[in-house]
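Coordinates in review
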Amino acid sequence: MGAATIVILDGGMGRELQRRGAPFRQPEWSALALSEAPQVVEAVHAAYIASGANVITSNSYAVVPFHIGEARFAAEGQALAALAGELAQRAVQACGKAVRVAGSLPPLFGSYRPDLFDASRASELLAPLVTGLAPHVDLWLAETQSSTVEARAIHAGLPKDGKPFWLSFTLKDEDTDEVPRLRSGEPVADAAAVAAELGVEVLLFNCSQPEVIGSAIDAARDTFERLGVKIHIGAYANAFPPQPKDATANDGLDPLREDLDPPGYLQWAADWQKRGASHLGGCCGIGPEHIAVLAQKLI
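So, how was this worked out
- Residues numbered from 1 in each chain as written.
- Predicted model: local features only at pLDDT ≥ 70, side-chain atom pairs only at ≥ 80, totals over all residues.
- Heavy atoms only, no water.
- UniProt positions renumbered as here; feature names shortened; annotations may be inferred.
- Salt bridge = Lys/Arg side-chain N within 4 Å of Asp/Glu carboxyl O.
- Helix = DSSP H or I, 4+ residues; strand = E, 2+ residues; numbered from the N terminus.
- Buried < 20%, exposed > 50% of the residue type's maximum accessible area, 1.4 Å probe, protein only.
- Pairing = 2+ DSSP bridges.
- Contact = heavy atoms within 4.5 Å.
- Axes fitted to C-alpha atoms, helices over the stretch in contact; angles between N-to-C directions.
- Parallel < 35°, antiparallel > 145°, perpendicular 65-115°, else oblique.
- Left-handed = near helix turned anticlockwise from the far one by under 90°.
- Nonpolar A, V, L, I, M, F, W, Y, C, P; charged D, E, K, R; others polar.
- Disulfide = S-S within 2.5 Å.
- Phe/Tyr/Trp six-rings, centres within 6.5 Å; stacked < 30°, edge-to-face > 60°.
- Polar contact = N/O pair within 3.5 Å; in protein donor to acceptor, adjacent residues only side chain to side chain.

The chain has the name Homocysteine S-methyltransferase family protein in an unreviewed UniProt entry, where Pseudomonas hefeiensis is given as its organism. Word for word, the UniProt comment on the chain under Cofactor (unreviewed entry) is "Zn(2+)".

As structure tokens, this is what we get:
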């Protein structure tokens, strides 16, 4: 994998908003700053671009009823998604660099909880996000997906606009066995086959401990080679301890691991690159200083 093929992604949004003093609380999480401190959201995007990110992700992850409530989502969901896309584009336009905006399409019913997925409501919740983001994003990123059912539902709700579809699964990182698995328990090899079927441009693994990502990259690479398809692979881990299967994103602020400082995180990212990953960044707890090290050392 040549160095020139590496695409640097951004890092986490929520922790960086909190670190910069933006309003930040449960259950709204990173969505709160969209309405109360949008200038800080734009500043975080700008910080990641300055750190070397080639792709930044819209701050639309928490724009779902799980975080902002059913009533507010019904009234403001589309407008908040549009603002998230607009703020990311503003940061790109201000920097003058060739940076792309990924439209974040989150788990619609809660992170890490494939058991909460409700197929009957998926299109209803996805539509306002897609409509709001569409004018502002260069590609679609379904992220932190816990099951292939979730991923299929989001793919089914995408517009036929020709924009690339990136898909990112979150991995089981507690009570693991020798087979890399999604949080649903599905083997990564099976999920990679689904990704190929859906025509994804990049398959990623995110919001999991770095320890479980290497074997997932191996499984995806081997699956794509077996199928004879060329799909890029990427990763952006979090800095959390293992997340139990009954975790919810609103349990409170998780502690961050001291060993995942920028040099420590770089060691993991360099290993993923060696295994064939070409799109590398960070998730919760991974900030602009981490991304700067990746951009300096991996390219």
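A full pass over the atoms with the stated rule returns 19 salt bridges. Measuring nitrogen to oxygen at the nearest pair gives 3.4 Å for the salt bridge that ties Arg 72 to Glu 76. In this pair, Arg 72 and Glu 76 are both assigned in helix H5 (residues 70–95), four residues apart and thus about one turn of the helix distant. When the shortest N-O distance is used, the salt bridge between Arg 183 and Asp 173 registers 3.4 Å. On the criterion of sequence distance, the pair formed by Arg 183 in the loop between strand S5 (165–169) and helix H8 (188–198) and Asp 173 in the loop between S5 and H8 is long-range, its members being 10 residues apart. Here Arg 183 matches Asp 173 in class, with each residue buried. Linked through salt bridges whose partners overlap, the residues forming this network are Asp 218, Arg 221, Asp 222, Asp 271 and Arg 275.

This part covers the sheet that holds S5. Reading across from one edge, S1-S8-S7-S6-S5-S4-S3-S2 is the order of the eight strands in this open sheet, with parallel pairing throughout. Edge positions in the sheet fall to strand S1 (7–8) and strand S2 (55–57), since each of these pairs with one other strand and no more. Of the pairings in the sheet, the one linking S1 to strand S8 (residues 279–282) comprises two bridges and is parallel in character. Residue pairing in the sheet places Ile 8 in a bridge with Leu 280 of S8. Packed on one face of the sheet, helix H9 (residues 213–227) meets strand S6 (202–206) and strand S7 (232–237) and runs near 165° to S7.

Their axes nearest at 9 Å, the elements helix H10 (residues 262–274) and helix H11 (residues 288–297) cross at an angle of 50°. As summarised for this structure, H10 and H11 are arranged oblique, according to the angle between their axes. Crossing handedness for the pair H10 and H11: right-handed. Where H10 abuts H11, its residues Pro 262, Tyr 265, Leu 266 and Ala 269 lie against Glu 289, His 290, Val 293, Leu 294 and Lys 297. Across the contact of H10 with H11, the residue classes tally to six nonpolar, one polar and two charged.

According to the stated counting rule, one finds zero disulfides in the structure shown. In this model Cys 283 remains outside any disulfide bridge; the closest cysteine sulfur is found in Cys 207, 3.7 Å from its own.

Bringing the packing of aromatic side chains into the picture now. Evaluated as defined, the whole model comprises three aromatic pairs. Taking 5.0 Å as the distance between ring centres and 45° as the angle between the ring planes, the aromatic pair formed by Phe 24 and Trp 29 counts as tilted. On the accessibility criterion, Phe 24 (16% relative accessible area) is buried. The buried category is assigned to Trp 29, whose relative accessible area is 15%.

With that out of the way, let us pick up the side chain of Gln 145. Within the fold, Gln 145 resides in strand S4 (residues 139–145). At a separation of 3.0 Å, a polar atom in the side chain of Gln 145 contacts the main-chain carbonyl oxygen of Glu 143.

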